[in-house]
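Here is what each chain is made of, one letter per residue.
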Amino acid sequence: MSNAPEGDAKTGMKRNTRPATDRVAPAIVAALFLAAGCADEDAPRRPRLAPGVSAQALAERVERFAPADIDADTDRLAPWEKVVLERLIRASDAMHEIFLRQVSERNAELHQGLALSTEPWAEDAVAYLDIMAGPWDRLDGNQPFLDVGARPAGAGFYPADLSSGELDEWLAQHPEDREAFTGYFSVLRREHGTLISIPYSVEYRAELERAAALLLEAAEAAEDASLAAYLELRAAAFRSDDYYASDVAWMDIGGTRIEPTIGPYEVYEDGLRGAKAAFESFIALADSAASAELDGLKGRMRFLEGRLPVADRYKDLDRSFESPIRVVDLIYAGGDARAGVQTIAFNLPNDERVRSEKGSKKVMLRNVSRAKFELILTPIAELVLGPVMASAIEFDPWFTAVLLHELAHGLGPGVVAGGSGVPVHQALREHHSALEEAKADAVGLHSLGVLAEEGLYQAAFVRGAYRAHLADLFRSVRFGVEEAHGQAAAIQFAWAWERGAILFDEEVGAFALDLPAYVEANRALAAEILRIQAEGDLAAAAALRADYGAAPEAMRDFLPRLAGVPVDIRPEYVVLDRMAGWGLGR
């Protein structure tokens, strides 16, 4: 069933709608304002638009996000499951509050100032501030749309004036600080002229205590032992900053439709070092039958590791490849999961200790994926590939390629070769995120070809996946090449274009693939990124981004033709309205 909203048949745009995120925003903004220590008499400054940003341009930016109903079948939920979901959604709001602070401590002031503003553009500014989770446009190289100045590379994780060079110098002089300063779960601050590390459990104590209490209430209501165990351990982790045990328990959740993912995970927001984890939440309901259809792929992970296009000494065939796959319908998201471009799948946890012992879990957000496929990818394909080729694009090959992208995050080097034990993300620093996303795409497509050789997929299915991927590169690059997924798309297109694997048909006015050449180019790109990761080759990582990280002229020239297609969706969490009838309160 389609999750597309009613409206224009091509774009799916709706008018006069208010996403569900707006309905919960006032409580979050109030909490942020109080957390910032602002009293009523401390009236915040009225925000202004950034120089060069007009009210009309701001309204057009909001319009680029197509409202989409994100719904799930809740008819068969047991009473205890409804209680658990309600508590998890409230805990997700705490994750969102923390994330807004991680983006910028100014978020509370900006929200409050816009609430008091009488400017005609204020409503659009509030909407775009909610979409972007801050005053910088994630689709425009993080340029400000409000007059706040440049975005600090380290977001709210570090002092705004801290450079990577200064941090390197500090760590060289204070090696005893390395573990605390570079760990996932701490922020750095200046105190009396010196740098200090503050654990998340201290920096975000109020929000984490509230979330922990809600998780314990959910655990008490849960009638599934594995779910209750995870919730209890995750509540404890919020208070201790030790997430290992709860990550292991998350891998073992089973016997329930409820699939919660909540806590600090991805490091994309940290543009200074790619080290600090941002808080997020995905609250979803699993489809056991659909999950079982795809779960057979997890048994082939070791085989796929062995077929990676990289030297055997860089393959880790002894690691655990236990990789449960969950096809879910999202109910609610918060924090990093709700900022800017909406995630369609994820692969967690990121802790290499858990990955070595338990593998990782691949979670596919089916309803979000379907909405994007119908509202965005299909109209992009009609323009990029031409109507004839686009008519052959189907959801299943594209969705399978997305799954293989997520599986690929669990393949290849997690730590630098040679016994140093240094995680790849630390070795490659700010270059890691974009290269990891490009690797996942390239290795995912390579793996699809390997599985086709084994008879799992037909040649037509593989061709369809590659063609959909070409259209998907244009979808992703519109996120902006400063964003990890957008730059990964630019790298792949530029690499293949240079090698003649992507062609432009002047007569049709659309792009085409030389499929054999693209398969070879894709394999070569996968091999190069895997080598860079295995060797922790920081210079080569920087060079790859410098050489291929900007979209080629052919791609840039074509992008204006996509102006009428939404860049992404703006989710409306339908279940929030339904919950009002459950009698649980919010």
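Here, the structure is the one placed above.
Bear in mind that the values here come from a model prediction, so they are computed numbers and not experimental data.

Peer 1: Could you give me a rundown of empty space enclosed by the protein, with the residues and numbers involved?
Peer 2: Following the criterion strictly, the structure yields five cavities of 30 Å³ or more and no others. Each pocket or cavity is described by its volume, and for the second largest cavity that value is around 80 Å³. As for the second largest cavity, its lining consists of 10 residues, of which Ile131, Arg338, Gln342, Arg570 and Pro571 are closest to the centre. At the level of elements, α5 (122-132) and β13 (568-573) are the ones that each hand at least two residues to the lining of the second largest cavity. Examining the composition of the lining of the second largest cavity, we find that three residues originate from one element, β13, more than from any other. Of the residues contributing to the lining of the second largest cavity, the split by class is four nonpolar, three polar and three charged.

Peer 1: Hey, could you go over the packing of aromatic side chains for me, with residue numbers and the actual values?
Peer 2: Counting across every chain of the model gives 28 aromatic pairs. Plain terms: the ring middles of Phe373 and Phe395 are 5.5 Å apart, the flat faces sit at 80 degrees to each other, and that makes the pair edge-to-face. Residue Phe373 is found in helix α15 (residues 366-384), and its partner Phe395 is found in helix α17 (residues 395-409); the two are separated by 22 residues along the sequence. Judged by relative accessible area, Phe373 falls into the buried class, the value being 8%. Among the aromatic residues, those joined into a cluster by ring pairs are Tyr184, Phe185, Tyr200, Tyr204, Phe238, Tyr243 and Phe279. It is Lys361 that lies over the ring of Trp250; its NZ or CZ is 4.0 Å from the centre. Above the plane of the ring of Trp495 lies Arg499, whose end atom (NZ or CZ) is 3.6 Å from the centre.

Peer 1: Before we move on, could you go through unusual backbone geometry and cite the residues and values that matter?
Peer 2: Trans is the prevailing form of peptide bonds, just as negative phi is the prevailing case for residues other than glycine. Leu348 connects to Pro349 through a cis peptide bond whose omega is 0 degrees. Structurally, Pro349 can be placed in the loop between β9 (345-348) and α14 (352-358). The backbone of Ala155 sits at a positive phi, close to 50 degrees, despite the residue not being glycine. With respect to the secondary-structure elements, Ala155 resides in the loop between β3 (143-144) and α6 (164-173). Phi is positive for His192, which is not a glycine, with a value near 55 degrees. Position of His192 among the secondary structure elements: in the loop between β4 (186-191) and β5 (194-199).

Peer 1: Explain helix α2 (residues 55-63) to me, using residue names and the numbers behind them.
Peer 2: For α2, the set of buried residues is Leu58, Arg61 and Val62. The arc that holds every buried residue of α2, seen down its axis, measures 100 degrees, which confines them to one face. Next to the buried residues of α2 lie β1 (65-70), α5, β2 (136-137) and β13.

Peer 1: Go over the sheet that holds strand β7 (residues 279-286), please, and point to the residues and values.
Peer 2: Adjacent strands of a sheet pair through backbone hydrogen bonds, lying either parallel or antiparallel. Strand order in the open sheet formed by five strands is β6-β7-β8-β10-β9, and the pairing between neighbours is mixed. Strand pairing shows two members of the sheet lacking a second neighbour, β6 (258-264) and β9, which therefore form its edges. Neighbouring strand axes in the sheet, compared pairwise and without regard to direction, differ in orientation by 35 degrees on average. Sheet topology note: the β6/β7 ladder contains seven bridges and is antiparallel. Looking across to β7, one finds that Glu259 is bridged to Ala284.

Peer 1: Give me the packing of helix α22 (residues 515-535) against helix α23 (residues 538-548): which residues, what numbers.
Peer 2: The contact between α22 and α23 brings their axes to 8 Å, and the two run at 145 degrees. α23 is crossed by α22, and the crossing has left-handed handedness. For the pair α22 and α23, contact is made by Ile529, Arg531 and Ile532 and by Ala540, Ala541 and Leu544, respectively. Counted by class, the contact of α22 with α23 contains five nonpolar, no polar and one charged residues.

Peer 1: Can you tell me about the pairing of β13, naming the residues and giving the values?
Peer 2: Most of β13 is tucked away: six of the six residues are buried. Where β1 lies against β13, six bridges are found, and the strand directions are parallel. Pairing of Ala66 across the sheet is with Ile569, part of β13.

Reading guide: rules and limits
Residues numbered from 1 in each chain as written. Predicted model: local features only at pLDDT ≥ 70, side-chain atom pairs only at ≥ 80, totals over all residues. Heavy atoms only, no water. 1 Å grid on protein atoms, 1.4 Å probe; cavity = no way out; pocket = protein on both sides within 12 Å on 5 of 7 lines; lining within 4 Å. Points joined across faces, edges and corners; volume = space filled by probe spheres on them. Helix = DSSP H or I, 4+ residues; strand = E, 2+ residues; numbered from the N terminus. Nonpolar A, V, L, I, M, F, W, Y, C, P; charged D, E, K, R; others polar. Phe/Tyr/Trp six-rings, centres within 6.5 Å; stacked < 30°, edge-to-face > 60°. Buried < 20%, exposed > 50% of the residue type's maximum accessible area, 1.4 Å probe, protein only. Lys NZ or Arg CZ within 6 Å of the ring centre and 35° of its normal. Arc of directions from axis to C-beta. Contact = heavy atoms within 4.5 Å. Pairing = 2+ DSSP bridges. Axes fitted to C-alpha atoms, helices over the stretch in contact; angles between N-to-C directions. Left-handed = near helix turned anticlockwise from the far one by under 90°.

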